[in-house]
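Coordinates in review
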Amino acid sequence: MNPSAEGTATIDGYAVPVDPMDLLRCDSCQ
Amino acid sequence: MNITVVKRNGEREPYDANKINLAIERAAEGLEDSIAWVTQIASELELTLFDGISTQQLDEAVIQVALQNVKDDPAFDVVAARLLVKTIYKRVLGDYESPEELKALHAQHFAENVHRGVDEGLLDERLVQMFDFDRLAQALEPTRDGLLKYIGVVTLNNRYGIKGRNGDPLEVPQYFWMRIAMGLSLNEQDPTAHALTFYEKMSKLEYLAAGSTLVNGGTSYPQLANCFVMEMQDDIEHIAKTTRDVMWLTKGTGGIGLAVTKLRAQGSPIRSNNTSSTGPIPFMHTIDSVLRAVSRGGKKFGALCFYIENWHMDFPEFLDLRQNSGDPYRRTRTANTAVWISDEFMKRVENDEPWYLFDPLEVQDLNELYGSAFSKRYAEYVEMAEAGTLNMFKKIGAREQFKAILISLQGTSHPWLTWKDTINNRALNNNSGTIHLSNLCTEICLPQDVDNVSVCNLASINLSQHVVDGAMDWAKIEESARIAVRQLDNLIDITRSSVAEADYSNEQNRAVGLGVMGFTDVIERFGYSYESEESYDLIDEIMEHVSYAAIDESANLAQERGSYPNFEGSRWSQGIVPLDTVDLTEADRGVPIEVNRTTRLDWDRLRVKVKGGMRNATLMAIAPTASIGLVAGTTPGLDPQFSQIFSRSTSSGKFLEINRNLVEALRERGLWESTREDILRSQGDIQNIESIPQALKDTFKTSFQLSPYSFLEVAARAQKWIDQAISRNMYLDTRDMDDLMSIYMGAWKRGVKTTYYLHMKPRHTAEQSTVKVNKAEQINAQGSSAPRKGFGATTGSSTPVVAASAAPKKGFGFGGAAKAGE
């Protein structure tokens, strides 16, 4: 599925957007 | 109830609130309202204590409490970062009292820690043989750790710092920077002097080497290159060889691009056993499994992107690889996918013409051709197909396929769209073969064949460290670019891989990719909107300076060290620079490339100089910088601001980040205190908050609020100076297929070489349904007299101290402290 659809996290009771970079798999080279 | 703390040696001692308060006080030193912050953290910490807490748990609890308050003020992030760095100091260097003592401890222990790393077989033994440790140790500057945000310290410590065989951390942040700098100076005549130069730049976060280099630099396994780009040949031996190579490259860390266009289609004949082929899909699934098998104990899967040209007969199945449903053996759950698109296809889409799919076995030269030569040959194959002389072909509408690609992109974020003819026609290294694909992150443009696995070596300039008095410091950018190019060139002589074809290609081409990060960080500080002419002009000017300095330095290095072996016959050797290839590409395409052609520097001088020799086949590429952007504490690559607040995941859990530039801008206008709760309630969107002036709303638009054409314009203006490509993330609010077709057509028309992930705005966003967690009120209700800051700030009220028995049972920090309704 489109990873950007997993776009909300709950932190400390607040719904906040997830950093899209968390969804990337590019950290093997980066 | 008395609380005792269990020390590392197992002894218990009574919990000493004063000691903790003092530590928090030191961490908050120099911050505005520091006393209030200290009180707030200290009183909230009491909620998390329990009898028998270990010292390490106590350290973590203080940090997590500080992090929980970042939503009140980003200064809490500074406190958390300082507290975390201090725990690292304690573990690596021992206790200290003053900054002077800390600096002395850094110098005192440096040599012994490097020796230990070498003795344990972790670090390259040349580190203890080639350097003047006294000079290096004296240069270590722990105050630079203050540049790191919390996420930066976490990333450095968890991902990059060396740990002893028994798990002891061996490095504080400044040891880490110095070790990387040393590891990239091993081929220099005066390694100490160059290590010091590289250390100065990286420890000040002015530029950073890319991930693999930071993981393996100076170690006994120096696999420092970042990207490996290969193609699979249409024979079973090579398929097996490629599978083996993917395993080794994955073990060593490195992103992989793999083209499968040459593999014959499903149903295509195999003469040797008189049967037929399964096509490329099952082999892609096999490699996808390899990525999970070689995965560092299951913690980190390999990372790879498959590329295919969209005339391949099996392309429709390729589009389904990332679908959740369907036969799992015909899916790639881990690997990414990208499509390699020709000008011919884009023209046929524009003209609503038919598109033909072929079996590569019957059109073997097609994958080697690009631009007008491809179009000519493609037309010949179309004629042959219509004349009935090809065994396999399929005719569909070009628009129909373009829509299918975009529908898949919408649904799965794959395949990424990349334009082969823009890439090949603009290549300065086109004398060494056809470029058949880009890499994992779509910023690399290097040729490959059966004897060459192309390799790229990356670093990124942190633009946010190049702003002085509200303007770009061009001299500093030039200096950073020059030093980074030398560092990257060194890397090529030091790195090694487990694939002979990769080492060979690296030596023959010496390709590097210097990029930038922090663009949005900078424009926010300048007060520019991402979608403004000021921003477009700024990225244009920045990349012109980076490009000029990088190319000039590579020409200097050629004079000092010799040209790269494949230099003769390259476009460099003809006095061509990247900008010139825009016109060459336009001529071949026969359609205008819509990009501004302004120049500011003396490119004629450089055209003459590059003819004399270049050290590197390529110089520039803008990587996503997803991880090193965290270390640098800036926005990644050229990406816009995703939200003014968002969640970040680390190995220690999720926490909230808030855009410091926005907080500062609101503070300057006296608006932060009155708007922050609204900002949190609106999930980081300030556009509907009435009291915020329009100018700020324009500057602080988030990704989905910007015109997608602004992403293309920024990319196009940067691309004109860059010989490789850009990892251009796209963010779209629209789901209209006509809009999507126009946007991606617009990318091609502007000469953008590649696009990366497409992030679609979710149809529904979660509402803030949870009642505000208000620890302040909880504490105050129980009687705290502590002065409150931030959310839940109250006036007056009385005292406290929450009994330890009221401590939550769910661990520390987020999710651990009391939750509403619990």
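Residues numbered from 1 in each chain as written. Chains lettered and ligands numbered in written order. Predicted model: local features only at pLDDT ≥ 70, side-chain atom pairs only at ≥ 80, totals over all residues. Heavy atoms only, no water.

Attention shifts here to the overall build of chain B. Assigned secondary structure in chain B consists of 30 helices and 21 strands. Since a compact globule built from 822 residues should have a radius of gyration of about 28 Å, the 28 Å found for chain B is in line with a globular shape. Seen through its principal axes, chain B has C-alpha atoms that stretch 90 × 60 × 60 Å. Within chain B, the proportion of its 822 residues that are buried is 62%. Once local pairs closer than 6 in sequence are excluded, the contacts in chain B between residues at least 24 apart make up 76%. Only carbon and sulfur atoms are counted for the fraction: they give 48% of the accessible area of chain B, which is about 29,400 Å². Counting 87 positive and 110 negative side-chain charges, chain B places the averaged centre of each group 3 Å from the other. (Helix = DSSP H or I, 4+ residues; strand = E, 2+ residues; numbered from the N terminus. Rg over C-alpha atoms; globule rule 2.2 N^0.38 Å. Buried < 20%, exposed > 50% of the residue type's maximum accessible area, 1.4 Å probe, protein only. Contact = heavy atoms within 4.5 Å. Areas by Shrake-Rupley, 256 points an atom, 1.4 Å probe, with all protein chains shown as cover. Lys, Arg positive; Asp, Glu negative; His and termini not counted. Charge placed at Lys NZ, Arg CZ, Asp CG, Glu CD.)

Attention now moves to the overall build of chain A. Regarding its fold elements, chain A presents zero helices and two strands. In chain A, which comprises 30 residues, the proportion classed as buried is 73%. For chain A, the computed accessible surface area is about 840 Å², with 47% contributed by carbon and sulfur atoms.

Right, let's get into the confidence of the model for chain B. Residue and element names in this part refer to chain B. Of the residues in chain B, 92% have a pLDDT of 70 or more, and the chain-wide mean is 91. Ignoring residues within four places in sequence, the model shows residues 770-779, a span with pLDDT below 50, making 26 contacts including any to other chains. Taken as a whole, residues 781-822 scores under 50 in pLDDT and shows 85 contacts with residues more than four places along the chain or in a different chain. As scored by the predictor, the complex reaches a pTM of 0.91 and an ipTM of 0.76. (pLDDT = per-residue confidence, 0-100.)

Residues and elements named next belong to chain B. If you check helix α5 (residues 99-119), its first and last C-alpha atoms are 30 Å apart, about what 21 residues at 1.5 Å a residue would give, namely 30 Å. Roughly 40 degrees is the biggest bend found in α5, and it falls at H109. If you check which residues of α5 are buried, you get L102, L105, H106, A107, H109, F110, N113, V114, G117 and V118. Directly after α5, the chain includes G121, whose backbone phi takes a positive value near 75 degrees. (Expected span 1.5 Å × (residues − 1). Bend = angle between axes of the 7 residues up to and from the residue.)

All names here are of chain B. The final tally for this structure, using the stated rule, is 66 salt bridges over all chains. As a salt-bridge pair, K201 and E206 come within 2.6 Å of each other at their nearest N and O atoms. What makes K201 buried here is its relative accessible area of 4%. On the basis of relative accessible area, E206 is assigned to the buried category, the value being 8%. Ionic pairing is found between R510 and D489, a salt bridge with its closest N-O pair at 3.1 Å. Taken together, the positions of R510 in the loop between α19 (500-509) and β17 (512-517) and D489 in helix α18 (residues 474-494) put the pair 21 residues apart, joining distant regions of the chain. For the pair shown, R510 and D489 are each scored as buried. Three or more residues are tied together by salt bridges with common partners; here these are E188, R486, D489, D493, R510, E560, R561 and R615. (Salt bridge = Lys/Arg side-chain N within 4 Å of Asp/Glu carboxyl O.)

Residue and element names in this part refer to chain B. The peptide bond linking H414 to P415 adopts the cis configuration, its omega dihedral lying at 0 degrees. On the secondary structure map, P415 appears in the loop between α16 (398-412) and β13 (416-419). Positive phi is not limited to glycine here, since D469 has a value of about 50 degrees. Position of D469 among the secondary structure elements: in the loop between β15 (467-468) and β16 (471-472). A residue is classified by how much of its surface remains accessible, and D469, at 78% relative accessible area, is exposed. Located in the positive-phi region is Q683, a residue other than glycine, with phi close to 55 degrees.

The next subject is the packing of aromatic side chains. Residue and element names in this part refer to chain B. Going through the model one piece at a time under the given rule, you end up with 29 aromatic pairs over all chains. Relative to W355, the ring of F345 lies with its centre 4.8 Å away and its plane at 70 degrees, an arrangement referred to as edge-to-face. In this pair, F345 sits in helix α14 (residues 343-350) while W355 sits in strand β11 (residues 354-358), placing the two residues ten residues apart along the sequence. With respect to class, F345 is no different from W355; both count as buried. Clustering of aromatic rings is evident, with ring pairs tying together F345, W355, Y356, F358, F374, Y378, Y381, F393 and F402. (Phe/Tyr/Trp six-rings, centres within 6.5 Å; stacked < 30°, edge-to-face > 60°.)

Okay, the sheet that holds strand β1 (residues 4-6) of chain B next. Residues and elements named next belong to chain B. If you walk across this open sheet you meet the three strands as β2-β1-β3, and the pairing is mixed. Among the strands making up the open sheet, the edge pair consists of β2 (12-14) and β3 (53-54). Here β1 pairs with β3 via two bridges, running parallel. Paired with V5 across the bridge in β3 is I53. (Pairing = 2+ DSSP bridges.)

This brings us to the state of the cysteines. All names here are of chain B. Scanning the model with the defined rule gives zero disulfides over all chains in all. Among the cysteines around C305, which has no disulfide bond, C441 carries the closest sulfur, lying 8.9 Å off. Look at C305 and you get buried, because its relative accessible area is 0%. Taking the relative accessible area as the measure of exposure, C441 reaches 0% and is therefore buried. (Disulfide = S-S within 2.5 Å.)

This paragraph deals with the side chain of S268(B). All names here are of chain B. Relative to the helices and strands, S268 is located in the loop between β6 (255-259) and β7 (269-270). Judged by its relative accessible area of 0%, S268 falls in the buried class. A polar contact is formed between the side chain of S268 and the side chain of D359, at a distance of 2.5 Å. Setting aside residues up to four positions removed in sequence, S268 forms contacts with T275, S276, S277, D359, L361 and M392. (Polar contact = N/O pair within 3.5 Å; in protein donor to acceptor, adjacent residues only side chain to side chain.)

Moving on: the confidence of the model for chain A. Overall, the predicted model of chain A reaches an average pLDDT of 60, with 33% of residues at or above 70. A low-confidence stretch, residues 25-30 of chain A stays under pLDDT 50, and its non-local contacts, those more than four residues away or across chains, total 38 contacts.

Attention now goes to the side chain of H312(B). Residues and elements named next belong to chain B. With respect to the helices, strands and loops of the structure, H312 is situated in the loop between β9 (304-309) and α13 (315-318). We classify H312 as buried; its relative accessible area is 0%. Once residues lying within four places of it in the same chain are set aside, the contact partners of H312 are V260, T261, L263, R264, A265, P280, L357, F358 and P360.

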